[in-house]
Amino acid sequence: MNDLIIVGSGGLGRETAWTTERINESEKKWNILGFIDDAPEKKDKIIDGYTILGSCDTALKYPDAYFVCAVGKAYVRKMIVNKLKRINPDIKFATIIDPAAVICTQRTHIGNGSIICANTYITVDITIGEHTYIGGNCTVGHDAKFSDFVTLYPSSSVSGNVSLGECCELGTGARIIQGISVANNTIIGAGAAVVRDLPPYCTAVGVPAKPIKMNSVKI
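Quick look at the structure, then. (Residues numbered from 1 in each chain as written. Predicted model: local features only at pLDDT ≥ 70, side-chain atom pairs only at ≥ 80, totals over all residues. Heavy atoms only, no water.)

1. What about the state of the cysteines?
Such a bond, covalent and formed between the sulfur atoms of two cysteines, is termed a disulfide. Cut-off, in case you're wondering: Any cysteine sulfur atom paired with another within 2.5 Å is treated as part of a disulfide. Working definition: with a 1.4 Å probe on protein chains only, accessible area under 20% of the residue-type maximum means buried, over 50% means exposed, and in between means partly exposed.
Under the defined criterion, the tally for this structure stands at zero disulfides. Its sulfur unpaired, C69 is 7.6 Å from the next cysteine sulfur, which belongs to C56. In this model C104 remains outside any disulfide bridge; the closest cysteine sulfur is found in C138, 18 Å from its own. The buried category is assigned to C104, whose relative accessible area is 19%.

2. Looking at the environment of V68
The test is simple: Numbering of helices and strands runs from the N terminus, with a helix taken as a DSSP run of H or I at least four residues long and a strand as a DSSP run of E at least two residues long. Contacts are assigned to residue pairs with any non-hydrogen atoms lying within 4.5 Å of each other.
Checked against the element boundaries, V68 lands in strand β5 (residues 66-69). Assessed through its relative accessible area of 0%, V68 is described here as buried. Residues V68 and C138, spaced 70 residues apart in sequence, show a C-alpha to C-alpha distance of 20 Å. Once you skip the residues sitting within four places of it in the chain, V68 turns out to touch L4, I5, I6, V7, T16, A94, I96, G113 and I115.

3. Section: the nonpolar core
To keep it simple, the criterion reads: Only buried Ala, Val, Leu, Ile, Met, Phe, Trp, Tyr and Cys residues count toward a nonpolar core, and they belong to the same one when joined by side-chain atoms within 4.5 Å.
I134, F146, L152, V158, L164, I176 and I188 are the most contacted members of the largest nonpolar core, which has 29 residues in total. The residues touching V158, leaving out its near neighbours within four places in the chain, are T139, V140, G141, A144, F146, L152, L164, L170 and I176. By size, the runner-up hydrophobic cluster in this structure holds 19 residues, among which are I36, L53, A59 and I80.

4. Looking at unusual backbone geometry
Residues V207 and P208 are joined by a peptide bond in cis, for which omega reads 0°. Not every positive phi belongs to a glycine, and N119 is a case in point at roughly 65°. Of note in the backbone geometry, D143 takes a positive phi value of approximately 65° without being a glycine. As for its position among the elements, D143 is in the loop between β14 (139-140) and β15 (145-146).

Below, the structure is given as structure tokens:
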């Protein structure tokens, strides 16, 4: 078994610990050492049976462990991963895939550090970038291409030939029809239906989805 440390002890971190336990029920693959979290008041606390080992600097104390960043917000996840890489350039990232995810593994590439939750359906000739989070009950159609740090919250659906830029986020239950391109750092609101290409750094909501504001976060 490989040692694993989960970065982030919030809801997604706890869900990721549970997903890892589900993996171990099928195959003894991961030994969860605990969480790391930059909130100083959380150090040494125990959450769901696992200790918070310390902040991101703690990564240096575990050179042989694998890490997975379980933070839902895409640009925050990117900042944390980049911080971990600065702390330890040789850091190793784990990819956590629930046994109940249906994936054409022979024709799908999933980047390091990604989290794929239960009952997600990923079909053929798909590329998923590093440190992507795909929540439960999502679907991803043929020939879709995700850049790094994409977030799909639960029950999102991405049709075939869709392109998602870095740090894109799809809210719960969002839908994208076939052939659409969504540029970097764009947030799609819960329940939205995307039927046209979307520009970078915007938030789009509604049916059909329309940009309602521009986002200022640049990493």
